[in-house]
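# Secondary and tertiary structure notes
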Amino acid sequence: MKTTLLSILTLLCTITSFSQITGTVTDTKNKPLAFVNIFIENTYKGTTSNEDGNYELNISKPNTYTVVFQFLGYKTVKKTVTIEAFPFSLNAVLVDEEISLDEVVVNAEDNPANHIIRQAIAKRKENLEKIQSYKADYYSRGLIRIKDAPEKLLGQEIGDLGGGLDSTRSGVIYLSETISKLEFLRPNKLKEKIVASKVSGNDNGFSFNNAINVEFNLYNNTIELGNQIISPIANNAFGYYRYKLEGVFYDDKAHLINKIKVTPRRKNDPVFEGYIYIVEDQWTIYASELSITGIQARIPAADNITITQNHSYSEQNKLWTKMSQSIDFEYGLFGIKGDGRYTSVYSNYIINPSLTRKDFGKEIVSFADEANKKDAIFWETLRPVPLTEEEITDYIKKDSIQIVKSSKVYKDSVDKVNNKFKIGDILGGYTYNNSYKNWNAGISSPIEAISFNTVQGWNGNVNGFYTKAYDEDYNRYLSVNGNINYGFSDDRLRGTLSTTYKFNDISKPILTLSGGIQATQFNATNPISRLENTISSLFFEDNYMKLYDRSFVQASYSKELFNGFRLQTFLSYERRKALFNTTEQVFFPEGDDVYTSNNPLSETAYNVAPFKTHNIVKFNVMARINFGQEYLSYPNSKFNIPKAKYPTLLLGYEKGFGATISDYNFDQVKARVYQALNVANKGRFSYNLRAGKFFNADDISFVDFQHFNGNQTHFSQRGSYTNVFNNLGYYDLSTNDSYLEMHAEHDFNGYILSRIPLLKKLNFNLVVGAHTLSTPDHKPYQEYSVGLDNIGWGKWRLLRVDYVRSYQSGFVSDAIVFGLKFF
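Let me begin by describing the structure that accompanies this report. Predicted, not measured: the structure shown is a model, and the values here were computed from it. (Residues numbered from 1 in each chain as written. Predicted model: local features only at pLDDT ≥ 70, side-chain atom pairs only at ≥ 80, totals over all residues. Heavy atoms only, no water.)

Take the environment of isoleucine 450 next. Relative to the assigned elements, isoleucine 450 resides in the loop between β25 (439-443) and β26 (451-453). Relative accessible area serves as the criterion here: at 47%, isoleucine 450 is assigned to the partly exposed category. Isoleucine 450 sits twelve residues away from valine 462 along the chain, and the two C-alpha atoms are 9.3 Å apart. Among residues more than four places away in sequence, those in contact with isoleucine 450 are Trp458, Asn459 and Gly460. (Helix = DSSP H or I, 4+ residues; strand = E, 2+ residues; numbered from the N terminus. Buried < 20%, exposed > 50% of the residue type's maximum accessible area, 1.4 Å probe, protein only. Contact = heavy atoms within 4.5 Å.)

A separate point is helix α6 (residues 389-405). An ideal rise of 1.5 Å per residue puts 24 Å on 17 residues; α6 measures up with 24 Å between its terminal C-alpha atoms. Three or more residues of α6 are buried, namely Glu391, Ile392, Asp394, Tyr395, Ile396, Lys398 and Gln402. (Expected span 1.5 Å × (residues − 1).)

Sheet topology note: the strand β39 (residues 715-716)/strand β44 (residues 811-820) ladder contains two bridges and is parallel. Each bridged residue has a counterpart across the sheet, and for serine 716 the counterpart in β44 is glycine 819. As paired strands, strand β43 (residues 796-807) and β44 are joined by nine bridges and run antiparallel to one another. In the strand pairing of β44, tyrosine 803 is matched with isoleucine 816. Hairpin connection from β43 to β44: three residues lie between these consecutive antiparallel strands, with serine 809 at a positive phi of about 60 degrees. (Pairing = 2+ DSSP bridges.)

All right, on to the pattern of salt bridges then. Scanning the entire structure with this criterion turns up 39 salt bridges. Close ionic contact of aspartate 394 with lysine 398 constitutes a salt bridge, the shortest N to O distance being 3.2 Å. Here the residue aspartate 394 and the residue lysine 398 both occupy positions in helix α6, the gap between them amounting to four residues, near one helical turn. Comparing aspartate 394 with lysine 398, the two get one shared label, buried. Its salt-bridge partner being aspartate 667, residue lysine 655 comes within 3.1 Å of it at the nearest N-O pair. A residue pair is termed long-range when its members are at least 10 positions apart, and lysine 655 in strand β36 (residues 648-657) and aspartate 667 in strand β37 (residues 666-678) qualify at twelve residues. Owing to a relative accessible area of 29%, lysine 655 belongs among the partly exposed residues under this scheme. (Salt bridge = Lys/Arg side-chain N within 4 Å of Asp/Glu carboxyl O.)

Inspection of the secondary structure assignment puts proline 232 in the loop between β15 (227-230) and β16 (241-250). Sequence separation between proline 232 and proline 264 is 32 residues; the distance between their C-alpha atoms is 9.6 Å. If we skip the residues at most four places from it in the chain, proline 232 touches Ile117, Leu218, Ala237, Tyr241, Tyr243, Val262, Phe272, Ile276 and Leu290.

Moving on, we come to the side chain of asparagine 217. Structurally, asparagine 217 is set in the loop between β13 (189-199) and β14 (222-225). At 2.9 Å, the side chain of asparagine 217 and the backbone nitrogen of tyrosine 219 are in polar contact. When neighbours within four sequence positions are excluded, asparagine 217 is seen to be in contact with Leu128, Arg186 and Ile223. (Polar contact = N/O pair within 3.5 Å; in protein donor to acceptor, adjacent residues only side chain to side chain.)

Taken in spatial order, the four strands make up an open sheet running β3-β2-β5-β6, and their pairing is antiparallel. In this open sheet, the two edge strands, each paired with only one partner strand, are β3 (46-48) and β6 (77-82). This sheet shows a mean twist of 20 degrees between the axes of neighbouring strands, independent of strand direction. Of the strand pairs in this sheet, strand β5 (residues 64-70) and β6 are connected by six bridges, and their pairing is antiparallel. Of the residues in β6, the one forming a bridge with tyrosine 65 is valine 81. (Axes fitted to C-alpha atoms, helices over the stretch in contact; angles between N-to-C directions.)

Structure follows, in structure tokens:
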């Protein structure tokens with residue numbers, strides 16, 4: 001305790017000695033004021049106060065300065081000081097703003113707030129385009145706390161979360177900072193160079209805070225925050241908000257500021273609630289304090305999110321620019337609750353510099369050399385917002401803990417406890433860790449993976465694994481996985497073994513060697529899960545899973561050759577053999593109903609093989625092209641960010657050759673295009689198109705046909721409905737010729753149902769879909785669906801229900817499909 005206290009006092013002294021202008025901002029009752037804007041008048045050099053009301057303003061030259069203290073709800077204070085030496089202490093006391101309606105001319109026929117908002121909407125685009133480009137310094141800090149954390153989560157011990165929890169199991173679980181250089185070009189080019197990054201408790205860590213993730217501009221019609229959130233001054237804002245003029249006041253430059261309260265017209269719409277401050281005559285945003293619930297933002301873990309923005313006026317540029325932003329949030333899920341804040345400070349703007357599109361590439365975030373190695377002197381000199389005592393304590397505590405926790409003695413002692421076999425491991429499997437050498441090995445529970453099918457009967461799987469990481473972040477690793485499967489009815493033992501090596505986390509080259517014997521589905525995408533098939537077979541006598549015996553050796557390699565272009569190759573040698581039903585077990589026999597054969601070509605061909613036993617060599621190459629892909633460059637990693645406005649294209653070629661039955665050799669070319677994009681505030685549209693063509697494939701094995709994802713169980717676990725026909729048999733339309741498959745779906749995301757009385761209270765989402773499949777051997781097949789998503793209560797909205805109708809030269813059938821989703 002004495003050591004910790006001494007470290008805190010030392011750090012506080014260091015902060016004081018390296019600060020330039022420092023002080024504390026309080027109200028008239030001596031209460032510290034957090035998030036006060038402090039800046040040098042008529043400049044873009046500024047900062048904000050922390051939660052303790054303390055601030056630091058980095059000024060390098062002695063001179064006479066006018067320091068401005070600006071905070072919503074309080075009168076702006078200006079202090080002119082002559083500084084001859086640093087550090088210089090300057091405190092400020094802010095007085096409540098006198099907000100009144102005395103100067104407002106009230107017209108009984110119109111709400112005065114509506115008039116102001118109409119003017120702001122009319123000037124929205126003009127104000128948006130005043131800043132065509134800029135350069136700026138940027139500082140961000142992220143802090144996440146947890147309160148009363150449980151001992152276990154879903155049966156697993158969660159420990160002290162890296163030393164973040166105190167005796168009450170509360171505390172800081174994440175604290176990080178970044179200092180960056182920003183460049184922006186309208187409409188949407190933003191580039192960030194992070195010159196310094198700091199993560200509490202990880203001296204090698206890189207913060208994930210960046211400006212791009214918190215770029216919220218209310219002059220845009222919508223703001224992306226989980227959902228597409230309607231701005232209070234969007235063109236269609238009056239359809240979503242009610243406005244009330246709370247009062248007016250003058251700022252320090254005699255601008256008349258209108259304080260307007262905004263409230264949602266409908267409870268669950270994707271809109272804010274709070275205050276927006278509009279400058280009279282200019283109709284620009286002075287500041288905003290806007291909140292949104294997790295339900296409205298479609299972020300289940302969030303209870304409430306509040307975004308506060310402050311702007312400053314420059315006489316030189318005649319512009320209002322954002323100087324600071326805070327995002328405060330509260331969260332709760334699985335019994336875990338907490339809160340946090342992300343603070344951003346923008347300073348040293350250069351407005352409308354001569355930037356062009358050539359100055360921007362696909363790299364949107366990068367790190368300077370040694371960005372995570374900056375010492376305390378660097379941070380105390382350049383950090384614009386001083387640390388609170390809570391944050392200082394967290395840094396010191398976790399940095400001290402890190403030294404201990406990185407030692408071999410500590411890691412071995414933790415492993416000794418965690419590696420003890422527990423009764424629960426019989427159900428959940430067992431893992432042995434060697435944390436110091438960065439490897440682990442384990443085995444799954446044989447009970448966990450028991451399933452039933454009519455070929456093997458009851459069968460169990462035991463999986464074993466070994467993983468060796470060559471760095472702390474698993475950027476480079478070796479993984480070995482094995483599987484043993486035994487079928488009790490066919491009395492057959494099968495197994496597979498695979499080895500994967502990942503070379504780096506930038507181009508992400510991955511080499512996998514595998515081999516073995518397995519009973520596998522004809523459709524390699526496994527359209528029906530083991531659990532679904534077990535239930536449908538034993539309870540309803542519907543054995544939809546169709547299997548064949550595959551013995552193989554395979555090598556695969558994938559790598560991103562250049563940004564947005566990834567190449568995948570597969571080469572395998574396979575022996576295929578038909579399998580047949582070996583059991584008729586069923587829990588609830590249904591009269592004359594019997595199991596179908598394991599031949600997907602005919603339900604009654606019980607002893608007829610769908611193909612002849614053969615060997616074949618298969619080669620696949622697939623190119624994935626993400627058009628417009630941007631990325632974040634970390635020193636040892638690359639994080640790709642697909643561009644939603646462009647589709648993803650897959651081009652592939654598949655060849656079967658060297659078959660022991662020459663008719664089974666073939667070629668296939670194929671392509672796929674898919675995309676999901678937001679349609680303003682009207683929901684999310686997704687589509688998925690596939691096309692392909694076989695050559696020299698008239699008599700190939702049914703294994704190599706193009707199979708389409710069907711569904712006959714009335715239940716879906718698929719996250720995407722644009723990759724399945726929910727009322728089609730699994731192999732009804734399989735083909736060895738050309739094919740065209742199209743899926744489209746639109747999730748209105750509350751846009752329609754939120755306007756219908758009573759239904760709007762349920763917070764359901766309307767979803768419509770259309771699906772079609774065309775092959776030369778069959779008449780075109782279509783499905784149309786209408787469904788409800790986001791069904792549930794509170795945060796637990798996991799259910800989706802769809803009504804599906806299928807057509808093929810007329811109506812075929814209809815079905816109700818139930819689906820589950822997990823965040």
